[in-house]
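# Structural overview for review
Now for the letters of each chain:
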Amino acid sequence: MSKRANGSVVVRHEVGMHARPSVKLTQLAKSFDARIDLGPSPEGPWVDAKSIVKVMRTKTPRDAVLHFRAEGEDAESAVRALIELIERDFEMEPSQEDKQ
Amino acid sequence: MKNGNVGIVIVSHSADVARGTADMVRQMVGNSVPLAWCGGTKDGRLGTSIEAISAAIEAAWSDRGVAILVDLGGAETNSEMAVEMLSDARRDRVVVCNAPIVEGAVMAATEASAGSPLDQVRRTAEELRGA
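Here the focus is the interface of chain A and chain B. With 12 residues of chain A at the contact, the number on the chain B side is 16 residues. For the side of chain A that touches chain B, the secondary-structure elements that each account for two or more residues are α1 (19-30) and α2 (52-57) of chain A. Here the element with the most residues in the side of chain A that touches chain B is α1(A); it accounts for six residues. Residue classes in the side of chain A that touches chain B are distributed as four nonpolar, four polar and four charged.

So this is what it looks like as structure tokens:
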């Protein structure tokens, strides 16, 4: 039986869900087996959180609430991880890619 | 670095555009994707060369395949010729994406960084066109 999870978070990043945050979110979503959708309300409309093109196209602005729903064995940890990523402001501080 | 990811090659007429696009991929997507770029002539003018494209494919080679992003005209035809010149074993594992070079490279690399197969990497880059 597959598990379901839901959650929401306010996007505080200064420019909203633009290119770099979208890439980070998609990469994290893809690391889970669960099917994961995101949308602007608990009723959607939903887009596949693992699709970089669709996530970027939502153009979620700053201070918008982003809702997640997931279905699968790791649904709960997926939603928790995605919300934490956004709460950490997408780890936008200098990270490993600046050390090349 | 993960070894199992599809590689990305960026082919522009301009070395600055190719290098800048590669910078965007590195900074936005990270280092988990094999990446190479080429652009311009040896004496600093605009242009593309089959030789440079072949070297870039070699540099970004992955057994999972390589997706090439190009800008205009000659970049596409020269890339196709560079693919034609590959060995039989490699030719089927290289595709030229029908997508804008900068956006396509970032989208393709994001998809590749998740371990997706070549076909899906190309589809993600080309999905931009339906916008």
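Attention now goes to the sheet that holds strand β2 (residues 35-39) of chain A. All names here are of chain A. Spatial strand order, β1-β4-β2-β3: four strands in an open sheet with antiparallel pairing. A strand with exactly one partner marks an edge of an open sheet, and here the two such strands are β1 (4-10) and β3 (47-48). Bridge count for β2 against strand β4 (residues 65-71) is five bridges, and the pairing is antiparallel. Paired with L38 across the two strands is F68, which belongs to β4. Strands in contact with helix α3 (residues 75-87) are β1, β2 and β4; relative to β1, the strand with the most contacts, it is inclined by about 5°.

Parameters at a glance
Residues numbered from 1 in each chain as written. Chains lettered and ligands numbered in written order. Predicted model: local features only at pLDDT ≥ 70, side-chain atom pairs only at ≥ 80, totals over all residues. Contact = placed C-beta atoms within 7 Å. Helix = DSSP H or I, 4+ residues; strand = E, 2+ residues; numbered from the N terminus. Nonpolar A, V, L, I, M, F, W, Y, C, P; charged D, E, K, R; others polar. Pairing = 2+ DSSP bridges. Axes fitted to C-alpha atoms, helices over the stretch in contact; angles between N-to-C directions.

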